[in-house]
Amino acid sequence: MNLQFIKKHKGLLASLGVSLIFLLAAAWQLYFEEEYTLALIPLGLLFLWFLIQRFDTMLLCMALCTPFSINMDVTHELTLTVPTEPLMILFTALFFFRVLVARNYDRNIIKHPVSVLIIVSIAWMLITSLFSQIPLASLKHTAARIWFVVPFYFACVPFFKDRRMIRKFIYCYAVGLAVVVVIATLKTIGNYSDLQTVHRVMQPFYNDHTAYGCVLSLFLPIVLYFLFSSESRRFRRILPTLFFLLFCIGIVFSYCRAAWLSLVGALGMYILIRSGMKMKWMLVLIGVGVVAFFSYQGDLLYRMGKNKQDSSFTISEQIQSISNISTDASNLERLNRWASAIRMWDEHKLLGCGPGTYQFLYASYQRSWQLSTISTNAGNLGNAHSEYIGPLTEQGIPGAIIVITLFLTIFATGVRVYRTAEDPHVARLALALTLSLLTYFIHGIFNNFLDTDKLSVPFWAFSAAIIALDIYSEKKDAEPTPETTPSKPDGTPSGS
């Protein structure tokens, strides 16, 4: 009987034996040498096994951890957000290994226009890095883009074939974000006297109120979908209700004007989409708005220059300060960054100055009459403050075109899925995800955060969800596709 028990449970017994040996060795080391490195080996091995075997769970863990990640100097020249970026790097390496070994990644994902544009954008970043003014900084920036995109886009698309994974991923990030909102709100109530202090209450989790407000506006449309979705039973609406209330409070107290504008823009686009306006007319409307701005920018700037309302605790005054380019330091600094970026681009029109180099080079391109009270030459207050001007400066005209085309393609894909999906739940989910990303597209006019994990994680994951819905959902009037071999979430066939 004992022999049969040993044969039946030999794996468990071997694991317990090895664990006991490590435990005794770690106890000896801790007692006699006051070191604990051996004790970390079993934990490391367990974590590595968990990462290899449960890719989906690791993605959810990274989503949960992202709102709590903080910057840490690994070396004198290298800063990572801990714990998320080390996990992303390891996950990316293992993902490439699995894809190269198994060679069964869904080619429909690679061939999708959004995926093609993402690959093209990374390839162009690599090319411009070779001609960069600071090649090492550009290569680091490009590497970071790779380990942001691979886990949360290319790995997420096959996982999101199961729509329940989309909800789980969003909820994991939202739980962490909700905790940050509670902390920031309590700190706001305790410091409700100085607006500049309120702008920093979300630190160290989010650098400032703009990134904080941006991620909150990004989550509001999708949280609203889960709140009112007919798929959500009564008890399942409790969590999205809490998220919605907390995120509304967070957006109000973030005093982030770009976040407020992005939500208004998303609401306007929702009305246009629901009214049935065709995509081409939406693009024409956007183009007319851009042309009108540049045609009448003289009059607009003159009127904006007469606005003296600075940032304020009062919501109405804070809204009025959006167009103040005469005394509001934030607006003046943004114009200063844009002007410096255009001057830099004028010297490097085709290849730009190199990905991730703007903050190190723009100081000499500033002009004294455009400096604000918060201007600096130290390169420690961020980048070009635009998701469109930044790539133009750092990657030249092709870089800006690629980014704009990518954003438009993601948006167009989301609208198409909404209008062609056979399942109404898929259609409404696609619309909610598209509106969420639209808040970032609008916010990107004023700020750029895709070089941080805080916004890259939800941005690429939401994009992956739209692409998954596009590839794997049934379309109206579409011919039924033949049954294929069921696949695992990572794209490998069952039983492999």
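Here, the structure is the one placed above.
What counts as what
- Counting from 1, residues in each chain are numbered in the order their sequence is written.
- In keeping with the model being predicted, local features are shown solely for residues with a pLDDT of at least 70 and side-chain atom pairs are shown and tallied solely at 80 or more, while totals for entire chains, interfaces and linings include all residues.
- Excluded from the side-chain calculations are hydrogens and water; all other atoms, namely the structure's heavy atoms, are used.
- Numbering of helices and strands runs from the N terminus, with a helix taken as a DSSP run of H or I at least four residues long and a strand as a DSSP run of E at least two residues long.
- With a 1.4 Å probe rolled over the protein chains alone, any residue whose accessible area is under 20% of its type maximum counts as buried; one over 50% counts as exposed, and the rest are partly exposed.
- Two residues form a contact once any of their heavy atoms are found within 4.5 Å.
- Each Phe, Tyr or Trp ring, with Trp reduced to its six-membered ring, pairs with another whose centre is within 6.5 Å; inter-plane angles below 30 degrees give stacked pairs, above 60 give edge-to-face pairs, and intermediate values give tilted ones.
- Placement of a positive charge over a ring is assigned whenever Lys NZ or Arg CZ falls within 6 Å of the ring centre and within 35 degrees of the normal to the ring plane.
- The working definition used for a salt bridge is a side-chain nitrogen of Lys or Arg within 4 Å of a carboxyl oxygen of Asp or Glu.
- For every element, the axis is a line fit to its C-alpha atoms; helices are fit only across the contacting stretch, and the angle between N-to-C directions ranges from 0 to 180 degrees.
- In what follows, roughly perpendicular refers to angles from 65 to 115 degrees, roughly parallel to angles under 35, roughly antiparallel to angles over 145, and oblique to any angle outside these ranges.
- Put simply, a crossing is left-handed when the front helix is turned counterclockwise from the back one by less than a right angle, and right-handed when it is turned clockwise.
- Residue type decides the class: Asp, Glu, Lys and Arg count as charged, Ala, Val, Leu, Ile, Met, Phe, Trp, Tyr, Cys and Pro as nonpolar, and the leftover types, Gly among them, as polar.
- To count toward a patch, a residue needs a relative accessible area above 30% and no salt bridge. Like charges then connect within 9 Å, nonpolar side chains (Val, Leu, Ile, Met, Phe, Trp, Tyr) within 5 Å.
- What sets the accessible areas is the Shrake-Rupley method with a 1.4 Å probe; for residues, cover comes only from the shown protein chains.

Asks: Lay out the side chain of Ser473 in plain terms, naming residues and giving numbers.
Replies: On the secondary structure map, Ser473 appears in the segment after α22 (453-472). On the accessibility criterion, Ser473 (14% relative accessible area) is buried. Those residues in contact with Ser473, other than ones at most four positions away along the chain, are Val426 and Ala468.

Asks: Summarise the packing of aromatic side chains; cite the residues concerned and give the values.
Replies: Evaluated as defined, the whole model comprises 21 aromatic pairs. Measuring from ring centre to ring centre gives 5.7 Å for Tyr171 and Phe243, while their planes differ by 75°; the resulting arrangement is edge-to-face. Taken together, the positions of Tyr171 in helix α10 (residues 163-190) and Phe243 in helix α13 (residues 238-254) put the pair 72 residues apart, joining distant regions of the chain. Through a chain of ring-to-ring contacts, the aromatic side chains of Tyr171, Tyr173, Phe219, Tyr225, Phe226, Phe243, Phe247 and Phe462 assemble into a single cluster. Geometry around Trp345 places Lys349 over its ring, the cationic atom sitting 5.4 Å from the centre. For Lys454, the ring lying beneath its charged end belongs to Tyr206, and the centroid distance is 4.9 Å.

Asks: For the pattern of salt bridges, give the residues involved together with the corresponding values.
Replies: Counted by the stated rule, this structure contains 6 salt bridges. Measuring nitrogen to oxygen at the nearest pair gives 2.7 Å for the salt bridge that ties Asp470 to Arg416. Placement of Asp470 in helix α22 and of Arg416 in helix α20 (residues 389-420) is noted, with a sequence separation of 54 residues between them. A salt bridge links Asp470 to Lys475; the nearest nitrogen and oxygen atoms lie 3.8 Å apart. Note on Asp470: relative accessible area 10%, which makes it buried.

Asks: Summarise the packing of helix α12 (residues 209-228) against helix α21 (residues 424-443); cite the residues concerned and give the values.
Replies: The contact between α12 and α21 brings their axes to 8 Å, and the two run at 165°. With respect to α21, the element α12 is oriented roughly antiparallel. The two elements α12 and α21 meet at a crossing, and its hand is right-handed. Contacts from Thr210, Cys214, Ser217, Leu218, Pro221, Ile222, Tyr225 and Phe226 in α12 reach His425, Arg428, Leu429, Ala432, Leu433, Leu435, Ser436, Leu437, Thr439, Tyr440 and His443 in α21. Grouping the constituent residues of the contact of α12 with α21 by class yields 12 nonpolar, 6 polar and 1 charged.

Asks: Account for the packing of helix α5 (residues 84-102) against helix α8 (residues 135-154), with residues named and values stated.
Replies: Two numbers describe how α5 lies on α8: the axes approach to 9 Å, and their chain directions differ by 65°. As far as their axial angle goes, α8 and α5 are roughly perpendicular. Note that α5 runs across α8; the crossing there is left-handed. Contacts from Glu85, Met88, Ile89, Phe91, Thr92, Phe95 and Phe96 of α5 reach α8 at Ala144, Ile146, Trp147, Phe148, Val150, Pro151, Phe152 and Phe154. Here the contact of α5 with α8 is composed, by residue class, of 13 nonpolar, 1 polar and 1 charged.

Asks: Describe a nonpolar patch on the surface, listing the residues and the values that go with them.
Replies: On the surface, Leu64, Phe68, Val175, Val179, Ile183, Phe235, Ile238, Leu239 and Leu242 cluster together into a nonpolar patch covering about 740 Å² of accessible area. When residues of the nonpolar patch are traced back to their parent elements, those giving at least two are α10 and α13. Within the secondary structure, Phe68 sits in the loop between α4 (55-65) and β1 (70-73). We classify Phe68 as partly exposed; its relative accessible area is 32%.

Asks: Can you break down the environment of Phe411 residue by residue, with the values?
Replies: Checked against the element boundaries, Phe411 lands in helix α20. Taking the C-alpha atoms as reference points, Phe411 and Leu433, separated by 22 residues in sequence, lie 9.5 Å from one another. Residues within four places of Phe411 in sequence aside, it is in contact with Met269, Ile273, Met279, Met282, Thr434, Leu438 and Phe441.

Asks: An account of unusual backbone geometry is requested, with residue identities and associated values reported.
Replies: Across the junction of Val82 and Pro83, the peptide omega takes the value 10°, indicating a cis bond. Assignment of secondary structure puts Pro83 in the loop between β2 (79-82) and α5. Pro204 follows Gln203 through a cis peptide bond whose omega is 5°. As for its position among the elements, Pro204 is in the loop between α11 (195-198) and α12. In the Ramachandran plot, Tyr255 falls in the positive-phi region, its phi being about 50° despite a non-glycine side chain. Positionally, Tyr255 belongs in the loop between α13 and α14 (257-274). You can call Tyr255 buried: its relative accessible area is 1%. With phi around 60°, His385 is a residue other than glycine that occupies positive phi space.

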